Amino acid sequence: MQAPYSAAKSERLKYEWATKRSARIDDRYRLIYKICEECQKRRETEPNHMTNCLPCEGVPITTVNFLDITEHYM
Amino acid sequence: MREVRKPDEVIIDKALLLVLMDLVAIRNQSNLAGDRIKCMKLPFLATNQMFEKKAKGFNLAFFRDKVGPLSKGVYSAWNHLSSLGLLIEDRYGFRVTPEGNALAQAIFNDVLCTSANHFFKETIENIALKYGHLSTSRIKQIVYDIEVSLPSSGMRTKVKDIKLGEDIILILEPEEADLMLDVDSAWMETLAIELNPMNKQGLTKAFADYKEGRILSHEEVWRDVPS
């Protein structure tokens, strides 16, 4: 993933998925993923938001974890 | 105007209905929003107030049924919200679960409390405050006595005088609306996951796998893909 923050209309999700991102693969599918770098930054600034995120120690900061592919609207 | 909702309108309806039912439960100082008839008439009152002002918040189409205004969209929203564990139904009616209350509060604070959505927040809050504590029979009576403009003719008619099966409220097209609920794309994406049972289950399972370390590296994923 060349530009995980901006690829495919990437949006930082809200509420319980606040550390994850959603990107539109096409008109039908979205990709849910997380960026370790973003998680780490948010851990420093918003520690209360991190209950839903794993520690990233030992993981390269550029790591992107793909979590799920879902359909946009069903 | 039309009868069938678009996918993003379905998501907004589920979100607003959850907020309305949660506010009614809070108004009643319990987790009980009310029985099916009451929980159908309250969104009708809110949708009607929005429709009269050409404000596009709820996107529910209502027609005249034997027990007053009815919307199939409300039924499908109840089913989805129940299957997500946000509502439960018992012999007294629908109750908002703690998870439903938490999501409703987040939507209320983050989406409805913006200055752009002031009208929609006020409308939903006022419906909950004004009618939430009333009995089902009293609400039915109030709804039957309300005058609405029929979409087919524009004539002002009391709900009780509308013939069975006739449309009472249709869905406004964006260009017909003077005001539209503003939901930013990050919240729309979030609600599309939170309020869709398949998406929510899929992502919850994926996150559990991730937490348990069931992760494949980029190389492992591509190793098994035929070139």
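Summarised in this report is the structure supplied together with it. (Residues numbered from 1 in each chain as written. Chains lettered and ligands numbered in written order. Predicted model: local features only at pLDDT ≥ 70, side-chain atom pairs only at ≥ 80, totals over all residues. Heavy atoms only, no water.)

**Side note on empty space enclosed by the protein**
Residues and elements named next belong to chain B.
Next up, step 1: For the structure on display, the rule yields 2 cavities of 30 Å³ or more.
Next up, step 2: Considering only enclosed or pocket space, the largest cavity measures out at about 60 Å³ in volume.
Next up, step 3: Around the largest cavity, the lining residues are Thr47, Met50, Phe51, Ala55, Lys56, Phe58, Asn59, Leu60, Ile169, Leu170, Ile171 and Leu172.
Next up, step 4: The dominant element in the lining of the largest cavity, judged by the number of residues it contributes, is helix H2 (residues 36-52), at 3 residues.
Next up, step 5: The residue makeup of the lining of the largest cavity, split by class, is 9 nonpolar, 2 polar and 1 charged.
Next up, step 6: The computed volume of the second largest cavity comes to approximately 30 Å³.
Next up, step 7: Listing elements by their share of the lining of the second largest cavity, those giving two or more residues are helix H1 (7-27) and H2.
Next up, step 8: Grouping the amino acids of the lining of the second largest cavity by side-chain chemistry returns 7 nonpolar, no polar and no charged. (1 Å grid on protein atoms, 1.4 Å probe; cavity = no way out; pocket = protein on both sides within 12 Å on 5 of 7 lines; lining within 4 Å. Points joined across faces, edges and corners; volume = space filled by probe spheres on them. Helix = DSSP H or I, 4+ residues; strand = E, 2+ residues; numbered from the N terminus. Nonpolar A, V, L, I, M, F, W, Y, C, P; charged D, E, K, R; others polar.)

**Some thoughts on the pattern of salt bridges**
All names here are of chain B.
Next up, step 1: Scanning the entire structure with this criterion turns up 21 salt bridges over all chains.
Next up, step 2: Residue lysine 56 is joined to glutamate 9 by a salt bridge in which the shortest nitrogen-to-oxygen separation is 2.8 Å. Here glutamate 9 lies in helix H1 and lysine 56 lies in strand E2 (residues 55-56), a separation of 47 residues in the sequence.
Next up, step 3: Accessibility expressed as a relative area gives 6% for glutamate 9, which makes it buried.
Next up, step 4: Salt bridges here are not isolated pairs; linked through shared partners, they connect Arg2, Glu9, Lys56 and Glu173. (Salt bridge = Lys/Arg side-chain N within 4 Å of Asp/Glu carboxyl O. Buried < 20%, exposed > 50% of the residue type's maximum accessible area, 1.4 Å probe, protein only.)

**As for the nonpolar core**
Next up, step 1: Membership of the largest hydrophobic core comes to 67 residues, with the highest contact counts inside it found for Met21(B), Phe58(B), Trp78(B) and Ile124(B).
Next up, step 2: With near-sequence residues (within four places) excluded, Trp78(B) lies in contact with Leu17(B), Met21(B), Arg36(B), Cys39(B), Met40(B), Leu87(B) and Phe94(B).
Next up, step 3: Counting residues in each nonpolar core, the second largest holds 9 residues, with Leu13(A), Leu67(A), Ile193(B) and Tyr210(B) among its members. (Core = buried A, V, L, I, M, F, W, Y, C linked by side-chain atoms within 4.5 Å. Contact = heavy atoms within 4.5 Å.)

**Focus on the packing of aromatic side chains**
All names here are of chain B.
Next up, step 1: Considering all chains together, one arrives at 6 aromatic pairs over all chains under this definition.
Next up, step 2: Here phenylalanine 119 and phenylalanine 120 contribute two aromatic rings whose centre-to-centre distance is 5.5 Å and whose plane-to-plane angle is 80°, an arrangement assigned as edge-to-face.
Next up, step 3: Judged by its relative accessible area of 24%, phenylalanine 119 is partly exposed.
Next up, step 4: Taking the relative accessible area as the measure of exposure, phenylalanine 120 reaches 0% and is therefore buried. (Phe/Tyr/Trp six-rings, centres within 6.5 Å; stacked < 30°, edge-to-face > 60°.)

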